[in-house]
Each structure stands twice: as structure tokens, then as C-alpha cells.
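# Overview (structure and organization)
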Amino acid sequence: MPKTYNTPKRSFVIKTRLTEEEHADFMNVLKNCRMSQSEFIRQAITGAPIKPIVNVGCIDDKFLEALGKLTAEYGKIGSNLNQIARALNGWHRPYSELAAEVRAAASDLAALKFDVLEKVGEAVGNVQAYKL
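Please read all numbers here as calculations on a predicted model, not as lab measurements. (Residues numbered from 1 in each chain as written. Predicted model: local features only at pLDDT ≥ 70, side-chain atom pairs only at ≥ 80, totals over all residues. Heavy atoms only, no water.)

Helix and strand counts for the protein chain stand at five helices and zero strands. Of the regular secondary structure in the protein chain, the N- to C-terminal order runs α-α-α-α-α. Evaluated residue by residue, the protein chain yields a buried proportion of 19% over its 132 residues. Across the protein chain, contacts joining residues at least 24 apart in sequence account for 39% of those joining residues at least 6 apart. In the form shown here, the protein chain has an accessible surface area of approximately 11,200 Å², with 57% of it arising from carbon and sulfur atoms. (Helix = DSSP H or I, 4+ residues; strand = E, 2+ residues; numbered from the N terminus. Buried < 20%, exposed > 50% of the residue type's maximum accessible area, 1.4 Å probe, protein only. Contact = heavy atoms within 4.5 Å. Areas by Shrake-Rupley, 256 points an atom, 1.4 Å probe, with all protein chains shown as cover.)

Within this structure, the stated rule accounts for one aromatic pair. When the ring of Phe 26 is compared with that of Phe 40, the centres are 5.6 Å apart and the planes differ by 75 degrees; the resulting orientation is edge-to-face. Taken together, the residues span a long stretch of sequence, with Phe 26 in helix α1 (residues 20-33) and Phe 40 in helix α2 (residues 37-46) at a distance of 14 residues. Judged by relative accessible area, which is 19%, Phe 26 ranks as buried. (Phe/Tyr/Trp six-rings, centres within 6.5 Å; stacked < 30°, edge-to-face > 60°.)

With that settled, the discussion passes to the layout of surface pockets. In this approach a probe as big as a water molecule rolls over the atoms, and the regions it shows empty are the leftover space. Looking at the largest pocket, its volume works out to about 490 Å³. Forming the walls of the largest pocket are 15 residues, and the residues nearest its centre are Ile 14, Lys 15, Gln 37, Ser 38 and Ile 41. Considering every element that reaches the lining of the largest pocket, the biggest residue donor is α2, with five residues. Here the lining of the largest pocket is built from residues that sort into seven nonpolar, four polar and four charged. (1 Å grid on protein atoms, 1.4 Å probe; cavity = no way out; pocket = protein on both sides within 12 Å on 5 of 7 lines; lining within 4 Å. Points joined across faces, edges and corners; volume = space filled by probe spheres on them. Nonpolar A, V, L, I, M, F, W, Y, C, P; charged D, E, K, R; others polar.)

The next subject is the environment of Leu 109. Mapped onto the fold, Leu 109 is located in helix α4 (residues 96-124). Ignoring anything within four residues of it in the chain, the contact list for Leu 109 reads Tyr 74, Ile 77, Gly 78 and Leu 81.

Note that side chains of opposite charge can pair when their charged atoms are close. Taken as a whole, this structure holds two salt bridges when the rule is applied. Here Glu 39 and Arg 42 are joined by a salt bridge, their closest N and O atoms 3.5 Å apart. Taken as a pair, Glu 39 and Arg 42 lie in helix α2 at a separation of three residues, close to a single helical turn. On the basis of relative accessible area, Glu 39 is assigned to the partly exposed category, the value being 29%. (Salt bridge = Lys/Arg side-chain N within 4 Å of Asp/Glu carboxyl O.)

Before going further, it helps to spend a moment on the confidence of the model for the protein chain. Taken as a whole, the protein chain shows an average pLDDT of 75; of its residues, 77% reach a score of 70 or greater. For the protein chain, the element scoring lowest by mean pLDDT is helix α5 (residues 126-129), at 52; α1 scores highest, at 87. (pLDDT = per-residue confidence, 0-100.)

Bringing the nonpolar core into the picture now. Ranked by size, the top nonpolar core spans 12 residues in total: Leu 64, Leu 67, Tyr 74, Leu 81, Ala 85, Leu 88, Ala 99, Val 102, Ala 106, Leu 109, Val 116 and Val 120. Listed by contribution, the elements that provide at least two residues to this core are α3 (61-91) and α4. Counting five residues, the second-largest nonpolar core is a separate cluster that includes Phe 26, Leu 30, Cys 33 and Phe 40. (Core = buried A, V, L, I, M, F, W, Y, C linked by side-chain atoms within 4.5 Å.)

Helix length check: α1 (14 residues) gives 20 Å between terminal C-alpha atoms against 20 Å at 1.5 Å per residue, within 8%. Within α1, burial applies to Phe 26, Leu 30 and Cys 33. Along the long axis of α1, the arc covered by the buried residues comes to 70 degrees, so they all point the same way. Residues of α1 that are exposed and angled more than 90 degrees away from the buried face: Glu 20, Glu 21, Asp 25 and Lys 31. Remark: Arg 34 follows α1 within two positions and exhibits a positive phi of approximately 55 degrees. (Expected span 1.5 Å × (residues − 1). Arc of directions from axis to C-beta.)

The structure is reproduced here in C-alpha cells:
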């Protein structure tokens, strides 16, 4: 028994020509909306809203809250390292080498914090990542 579909029988075909740029834009829109060309055009004709599909992964508010706390801790640790470096700079020798190491650690910590925010930005969108 042949498969039947609950769609109206369509007999008219519409053709159009596009420039290379227009075609690339059209294909990109189709990819984001996850629609066929035919379905996209039918929805455009009827005035139905055409919205891209957004995939939401396992990232939720609890994850973002935990990540916010983690980045806040990075900030606190960096602040503590800066205070230690200032204190060591006041003592001068023999602590100048240690102070340089503390400053380097603070710099590494700041870079790590930025990397975490950047990765989260890629996962959930930069706007949400920089709200942390």
C-alpha cells in the first residue's frame, strides 16, 4: 500500500532566478529555519512568521549561575594576588622575584577567566555570556 500524506495536492510550480549572493543568502536562511524551499515560500506567501530554529542544549539557568559564581571567584582570587603583589613590592628584596611570579599568576588568572567567558559565549551566545 502506498504511503499517503495529509497535504493538499499541489500542481503549480514557481521558478525564479537569483544572483549568486541572493542564492547564498536564501540557502543560509533555509538552513537556519530548517525548512525546504517550498515550505519557506508557502509560509512567506501566507504571511506566516518565519523564524529560525534555535537549539537549546543542556545549558540552563543553574549552569549559568554556577558559571557566574566561578568567574566571580576568579575575580576574587585575582584581587588577592594583586594585594599580595603590592605587599611584596613594599618589602623590596628578596621578594621582588616572588612579586613578579604573583603578578604573572594574576595575569594568567585573568586570561583563564576570559577564556571561560569566551567558551560560554560560544555555547550560549555572547550576549548571555557577558551578563555574568
